[in-house]
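# Analysis of the macromolecular model
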Amino acid sequence: MPSDRPLLSLRAVFLRQFLRHGRSIMTSPADVANPLLFFFMVITLFPLGLGPDPARLATLSPGILWVVALLASLMVSAKLFASDFEDGSLEQLALAPYPLAVTALAEVSAHWLATGFLLTLVSPLFGVMLGLPDEGLLTLLVSLLLGTICLTLIGALGSALTINIRRGGLLLSLLIIPLNVPVLIFGTTAVREAVLGGNPESWLALLGALALGSLVIAPLAIGAALRVSLDS
Amino acid sequence: MAPVGALLRAVRRYNTSMWTFIHKLGSPPWFFGFSGSLVRWLLPITVTLLLVGAIWGLLVAPPDFRQGNSYRIIYIHVPAAVVALAGYYVMAFAGAVSLIWRIRMADVTMRAAAPVGAILTAIALVTGAIWGKPTWGTWWVWDARITSMLILLFLYLGVVALFEAYENKTAAARACAVLSLVGTVNIPIIYKSVDWWYSLHQPASIKFTGESAIDASMLYPLLLMIVAFYCLFVLALLLNMRAELVWTHRESGWLKQLVGDT
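Residues numbered from 1 in each chain as written. Chains lettered and ligands numbered in written order. Predicted model: local features only at pLDDT ≥ 70, side-chain atom pairs only at ≥ 80, totals over all residues.

### Observations concerning the overall build of chain A
- What chain A contains, in helices and strands, is 9 helices and 0 strands.
- Element order for chain A, N to C, with α for helix and β for strand: α-α-α-α-α-α-α-α-α.
- For 232 residues, the compact-globule estimate of 2.2 N^0.38 gives 17 Å, and the C-alpha radius of gyration of chain A, at 19 Å, lies within 12% of that figure.
- Considering only C-alpha atoms, chain A reaches an extent of 70 × 35 × 30 Å along its principal axes.
- Within chain A, the proportion of its 232 residues that are buried is 46%.
- By sequence separation, contacts in chain A at least 24 residues apart represent 81% of the contacts at least 6 residues apart. (Helix = DSSP H or I, 4+ residues; strand = E, 2+ residues; numbered from the N terminus. Rg over C-alpha atoms; globule rule 2.2 N^0.38 Å. Buried ≥ 20, exposed ≤ 12 C-beta atoms within 10 Å, placed from the backbone. Contact = placed C-beta atoms within 7 Å.)

This is the structure in structure tokens:
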């Protein structure tokens, strides 16, 4: 039976879904803290494994920081749609008269604020700990800000594709890592350029282009993938 | 006005026959018969091309001025790499067709193309490593093009693994179609990577515009081998698809009838 209630505008739908998901994230602060702790602990492993030589750590630090950020995003993206899938609200969203791409994008945005964005904010701290020269800190911040948008969207796509698969975790990394490679290359190259006194702007521009491109393409793919997962 | 009318009729007739052909391709029994006759033609052609290209490239073509005979692995390495990249487009295009029009044969095409492409990519990587040892003095270099071929291998393996992970094969095909379409976005970056992160690997030798860096006596067998590998890809794809069809339709009447007939 068709409902008498008028349809909401897409903007209102996005906002409501964003707030709903944001509130559910707030109820479990551990889920917000865990990726940051993971980031911190894996960063700690590198000086232990590579030796404490500050000069060597400084040259390796752009790559280390970026790789660990990628791993952290990989770790959290597995759970992105999990709770919504298990309690059936994803099914309700798919039945709702609104494009799944918009509602999924709202969830991914809330998720990014709680994970990728926070990780970006604390990254200069870890950069300093690894001896990243000061010239690289701002570029690290900007590159991670743009890069985590791509990482989160690609991770969400992988999560949407594997949500209905038992033991999908390893499969998720196989699906996501190749797609993340350009992001990693642009991000680390930007930071390295900045450290060496070069001009990181072109690499940051490429990262920005990737972020905007994935903001356009990824929600459609995520919506389609969620429908596949719900149908299977 | 008579010629115009005749032209329009001809166009319409051509149009209908083309669409009939495309619709027929979507029917498993028809495709099975059609691909059977195609394979009968393609098999001798592929074998001949491969033999002629291999003998020409390995025995007749002159040795390289600097690399001697070791360069001859180019006749396997380059065709495998070229066709491996093209194979991804075949897979992604079939995936798009399957997503948009829900044609089962497109699913079968996509599913059959993934392992063939993965094997070709692996061949390109292994021959590249073998070639790298005498030329660069090392088996593996983290060079842009080698790395992007490795990523291509991961992309192929991801599609294969995702398909295997789903129990519902219709959903599996749609999930793989989404994944391979997204992966397609990466392929231009893989191509562009040659220009962006150029390092040890030599730049592409065959240029269709301007002077080619490779001599004609070495180029012709190489082009022949590339054509041969394309034929090999299509042949492997068709055989793979036929095997898949036999398996999924093992209970169908048309297949039993076909088997009973021969």
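### Looking at the overall build of chain B
- Each helix and strand counted, chain B has 8 helices and 0 strands in total.
- Sequence-ordered secondary structure for chain B, helices as α and strands as β, is α-α-α-α-α-α-α-α.
- Relative to its full complement of 262 residues, chain B shows a buried share of 32%.
- Look at the contacts in chain B between residues 6 or more apart in sequence, and 77% of them connect residues 24 or more apart.

### Observations regarding the interface of chain A and chain B
- At the interface, 19 residues of chain A touch 20 residues of chain B.
- Counting only elements with at least two residues in the side of chain A that touches chain B, the list comes to α7 (135-162), α8 (169-195) and α9 (201-231) of chain A.
- Partitioned by chemical class, the residues of the side of chain A that touches chain B number 16 nonpolar, 2 polar and 1 charged. (Nonpolar A, V, L, I, M, F, W, Y, C, P; charged D, E, K, R; others polar.)

### A short note on unusual backbone geometry
- Phi at Arg102(B) is positive, roughly 55 degrees, even though this residue is not glycine.
- Checked against the element boundaries, Arg102(B) lands in the loop between α3 (74-101) and α4 (104-136).

### Considering helix α2 (residues 28-60) of chain B
Residue and element names in this part refer to chain B.
- Along its length, α2 reaches its greatest deviation from straightness, about 25 degrees, at leucine 42, and the proline proline 44 lies no more than four positions downstream.
- Residues of α2 that are buried: Phe31, Thr46, Gly53 and Gly57.
- The elements touched by buried residues of α2 are α1 (2-25), α3, α4 and α7 (216-248). (Bend = angle between axes of the 7 residues up to and from the residue.)

### Here's the deal with the environment of Tyr14(B)
Residue and element names in this part refer to chain B.
- On the secondary structure map, tyrosine 14 appears in helix α1.
- When the 10 C-beta atoms within 10 Å are taken as the criterion, tyrosine 14 is described as exposed.
- As a C-alpha pair, tyrosine 14 and leucine 232 span 218 residues in sequence and 30 Å in three-dimensional space.

### A look at the packing of α4(B) against helix α5 (residues 144-165) of chain B
Residues and elements named next belong to chain B.
- In the contact formed by α4 and α5, the axes pass within 9 Å of each other and the chain directions differ by 150 degrees. Viewed along their axes, α4 and α5 adopt a mutual orientation that is roughly antiparallel. Between α4 and α5 lies a crossing whose hand is left-handed. Counted together, Arg111, Ala114, Pro115, Gly117, Ala118, Thr121, Ala122, Ala124, Leu125 and Gly128 of α4 and Ile146, Met149, Leu150, Leu152, Leu153, Tyr156, Leu157, Val159, Val160 and Phe163 of α5 form the full contact between these two elements.
- For the contact of α4 with α5, a count of residues per class yields 16 nonpolar, 3 polar and 1 charged. (Axes fitted to C-alpha atoms, helices over the stretch in contact; angles between N-to-C directions. Parallel < 35°, antiparallel > 145°, perpendicular 65-115°, else oblique. Left-handed = near helix turned anticlockwise from the far one by under 90°.)

### Re the packing of α3(B) against α5(B)
Residues and elements named next belong to chain B.
- Orientation of α3 relative to α5, taken along the N-to-C sense of each, is 35 degrees, at an axis distance of 11 Å. Relative to α5, α3 is oriented so that their crossing is left-handed. On the side of α3, the interface is formed by Ala81, Ala84, Leu85, Tyr88 and Met91, while α5 contributes Met149, Leu152, Leu155 and Val159.
- Partitioning the contact of α3 with α5 into residue classes produces 9 nonpolar, no polar and no charged.

### Some remarks on the nonpolar core
- Counting 121 residues, the largest nonpolar core has Leu157(A), Ala225(A), Ala175(B) and Val178(B) as its most contacted members.
- Ranked by the residues each element gives to this core, the list is headed by α3(B), at 14 residues.
- With near-sequence residues (within four places) excluded, Ala225(A) lies in contact with Leu157(A), Ala160(A), Leu161(A), Ala175(B) and Val178(B). (Core = buried A, V, L, I, M, F, W, Y, C linked by C-beta atoms within 7 Å.)

### A few points about the environment of Thr16(B)
- Residue position: Thr16(B) is located in helix α1.
- In the structure, Thr16(B) is positioned 230 residues away from Val246(B) in sequence and 30 Å away in space, judged by C-alpha atoms.

### A few points about the confidence of the model for chain B
- Averaged over every residue, the pLDDT of chain B is 83; the share at 70 or more is 89%.
- For this predicted complex, the interface confidence comes out at an ipTM of 0.85, alongside a pTM of 0.85. (pLDDT = per-residue confidence, 0-100.)

### A few points about the environment of Ala156(A)
- Along the chain, the position of Ala156(A) falls in helix α7.
- If we skip the residues at most four places from it in the chain, Ala156(A) touches Ser77(A), Leu80(A), Val108(A), Ala218(A) and Ile222(A).

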